[in-house]
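# Residue-level structural notes
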Amino acid sequence: MTSETLTRPELAPAPVEFGTLYGEVQQYYAHQMQLFDQHDAERWAGTFTEDAVFSVPTLDEPVRGRAGLAANVRRNKHQQARSGEQLRHWIGMLDLDPQPDGTLHTRCYALVYLTPRGGDARVHRFCVMEDVLVRSRGKWRTRYRLVTRDDLA
Amino acid sequence: MTSETLTRPELAPAPVEFGTLYGEVQQYYAHQMQLFDQHDAERWAGTFTEDAVFSVPTLDEPVRGRAGLAANVRRNKHQQARSGEQLRHWIGMLDLDPQPDGTLHTRCYALVYLTPRGGDARVHRFCVMEDVLVRSRGKWRTRYRLVTRDDLA
Amino acid sequence: MTSETLTRPELAPAPVEFGTLYGEVQQYYAHQMQLFDQHDAERWAGTFTEDAVFSVPTLDEPVRGRAGLAANVRRNKHQQARSGEQLRHWIGMLDLDPQPDGTLHTRCYALVYLTPRGGDARVHRFCVMEDVLVRSRGKWRTRYRLVTRDDLA
């Protein structure tokens, strides 16, 4: 990635205390993951920057840009409609590292829970998620995401 | 429900930043759920408004008011004493939506973990929880709760 | 423990709102637990006070002080290298109770997830964790920790 192709972070409107920022970012992830689990493809893709790169071990190569991200969610929707499985993504243990350039580096744990139709919920996967977040048009958005899975480590 | 019968939200003492509010509400849920898991029926019921409505798929009809809520917790206590199972409720992915009237609409995920006596902990249920919170006598309280379960969807 | 042997809490630099403090403490736990899961023994031990006492049911007696804490993490590292199991610790439902002396009493839930090499992630243990946190050299640190396990209750 060359820096020219990246969404540049905006200056935050005013400095906020770390604990306040922490709550904002938790809200961001909660909303983003609920959109994902509801297969709301367009709104979910909108929580990323236009030039976002999303790297996850279940895909052969990283997804680049919102159209690709949205297409991926629509594919998940069809797969889950066929399988009758409800997947839920749960983010926690958020370690937030604000950078001098105004971006946020985050490292958190991501659990995937699966409930088969009429069956018992269970843990599906344990992942570690590393993001670069930037402020863009007044909102935090993901510019880069790397997901790794413990079962493939 | 007519608006006359509902606990009216108080004006907050001073405007707080979103991230600060987010932490307050997380604390509220952590405390509320720990009281529930400890079968502290009266104090748990006190985290709801007097006129609260609690709708959950394991009950035939919604519970209304604190006396009914407390009775429900005492019933859980006796059931778990018999079964030797420890249930734990875990809230996360809190999506917080403050309303113009001072109430908070929340949508979050709720996991139930179960540990049988001397056995291994396991995921029991995956639920989605939608609340209306109001400020009443200086504290956030639940006025309305709707719980849905993925295994019954 | 006599009070003379304990790390004394510092005065906080300025009063912070509860919700802001809540975010700070969540960050503290996220960072501490990620260091633990990465077997970063020295940095993990540094998130405790020099005179910390750590009581957990898998150890015959409480661990006292940073050298003992670090040694314990190194032992975990070797055990997990042999077994091929990845353990992950997840803190949630944080109930934060600030004390008049500037310390924080916390009670939270702690889940342990286990992923065997090439296998499926699963819940391993459900624990309750009670801490005393103090501010020391500008950072929150754990002075006392008591972990209990639901399967041993």
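Up top you'll find the structure we're talking about.
Residues numbered from 1 in each chain as written. Chains lettered and ligands numbered in written order. Predicted model: local features only at pLDDT ≥ 70, side-chain atom pairs only at ≥ 80, totals over all residues. Heavy atoms only, no water.

### Topic: the side chain of Q32 of chain C
Residue and element names in this part refer to chain C. Quick note on the threshold: Helix and strand definitions here come from DSSP, where helices need a minimum of 4 consecutive H or I residues and strands a minimum of 2 consecutive E residues; each element is numbered from the N-terminal end. Accessibility here uses a 1.4 Å probe with only protein chains present; expressed as a share of the type maximum, an area under 20% marks a residue as buried, one over 50% as exposed, and anything in between as partly exposed. Residue contacts follow a heavy-atom distance rule, with two residues in contact if any of their heavy atoms lie within 4.5 Å.
One can find Q32 in helix α1 (residues 18-37). Residue Q32 is classed as buried on the basis of its relative accessible area of 0%. If we ignore the near neighbours within four places in the chain, the residues touching Q32 are W44, T47, F48, T142 and R145.

### Notes on the packing of aromatic side chains
Each pair of aromatic rings is reported with the distance of its centres and the angle of its planes. Heads up, the condition is: Centre distance within 6.5 Å is the pairing criterion for rings of Phe, Tyr and Trp, where only the six-membered ring of Trp is used; planes under 30 degrees apart are then read as stacked, over 60 as edge-to-face, and the remainder as tilted.
Under the counting rule described, the total for this entry stands at 33 aromatic pairs over all chains. Between W90 of chain B and Y113 of chain B, the aromatic rings sit 6.1 Å apart at their centres with planes inclined by 70°, giving edge-to-face as the arrangement. Linking W90 of chain B in strand β3 (residues 85-98) with Y113 of chain B in strand β4 (residues 104-116), this pair joins segments that are 23 residues apart in sequence. Relative accessible area serves as the criterion here: at 3%, W90 of chain B is assigned to the buried category. By relative accessible area, which is 1% here, Y113 of chain B ends up buried. For the pair Y109 of chain C and F126 of chain C, a centre-to-centre distance of 5.2 Å together with 70° between the ring planes defines the contact as edge-to-face. Taken together, the residues Y109 of chain C in strand β4 (residues 104-116) and F126 of chain C in strand β5 (residues 122-136) connect sequence positions 17 residues apart. The exposure classification of Y109 of chain C matches that of F126 of chain C, with both residues buried. Cluster of aromatic residues (ring-pair linked, three or more members): F36, W44, F48 and F54 of chain A.

### Regarding the interface of chain C and chain A
Just so we agree on the cut-off: Simply put, the buried area is the total loss of 1.4 Å probe accessible area from both parts when two parts are fitted together. Any Lys or Arg side-chain nitrogen located within 4 Å of an Asp or Glu carboxyl oxygen qualifies as a salt bridge. As a working rule, the residues Ala, Val, Leu, Ile, Met, Phe, Trp, Tyr, Cys and Pro are called nonpolar, Asp, Glu, Lys and Arg charged, and the rest polar, with Gly in that last group.
On the side of chain A, 26 residues touch chain C, which itself brings 26 residues to the contact. Of the roughly 2100 Å² buried where chain C meets chain A, counting both sides, 55% is carbon and sulfur surface. Seen at the junction of chain C and chain A, the total is one salt bridge. In this structure, D150 of chain A engages R88 of chain C in a salt bridge whose closest nitrogen and oxygen atoms are separated by 2.8 Å. Elements supplying a minimum of two residues to the side of chain C that touches chain A: α1, β3 (85-98), β4 and β5 of chain C. Tallying contributions element by element places α1 of chain C first for the side of chain C that touches chain A, with 12 residues. Looking at the side of chain C that touches chain A residue by residue, the classes come out as nine nonpolar, 13 polar and four charged.

### Observations regarding the relation of the copies chain C and chain A
Stated precisely, the cut-off is as follows: Only residues with pLDDT of at least 70 in both copies contribute their C-alpha atoms to the least-squares superposition of the copies.
Mapping chain C onto chain A calls for a rotation angle of 120° and an axial translation of 0.0 Å; the resulting RMSD is 0.0 Å. Here the two chains are linked by the operation of a three-fold rotation axis. Proximity to the rotation axis, assessed at the C-alpha, singles out T20 of chain C in chain C; its C-alpha lies 3.0 Å from the axis.

### Section: the packing of helix α1 (residues 18-37) of chain A against helix α1 (residues 18-37) of chain B
The axes of two packed helices give the description: the angle between them and the distance between them. For clarity, the cut-off: To obtain an axis, a line is fitted to C-alpha atoms, over the contacting stretch when the element is a helix, and the angle between two such axes runs from 0 to 180 degrees between their N-to-C directions. Put simply, angles under 35 degrees are roughly parallel, angles over 145 are roughly antiparallel, angles from 65 to 115 are roughly perpendicular, and the rest are oblique.
Viewed as axis vectors pointing N to C, α1 of chain A and α1 of chain B meet at an angle of 75°, and their least axial separation amounts to 7 Å. When the axes of α1 of chain A and α1 of chain B are compared, the pair comes out roughly perpendicular. Every residue of α1 of chain B that contacts α1 of chain A at G19, T20, G23, E24, Q26, Q27 and A30 of chain A is listed here: F18, G19, T20, Y22 and Q26 of chain B.

### Considering the side chain of D150 of chain B
Worth spelling out the cut-off: In the analysis that follows, any N or O atom pair within 3.5 Å is treated as a polar contact, provided that within protein one partner can donate a hydrogen and the other can accept it, and provided that, for residues neighboring in sequence, both atoms belong to side chains.
In this fold, D150 of chain B is placed in the segment after β6 (139-149). At 2.8 Å, the side chain of D150 of chain B and the side chain of R88 of chain A are in polar contact. Not counting chain neighbours up to four residues away, the residues in contact with D150 of chain B comprise Q86, R88 and T115 of chain A together with F126 and V128 of chain B.

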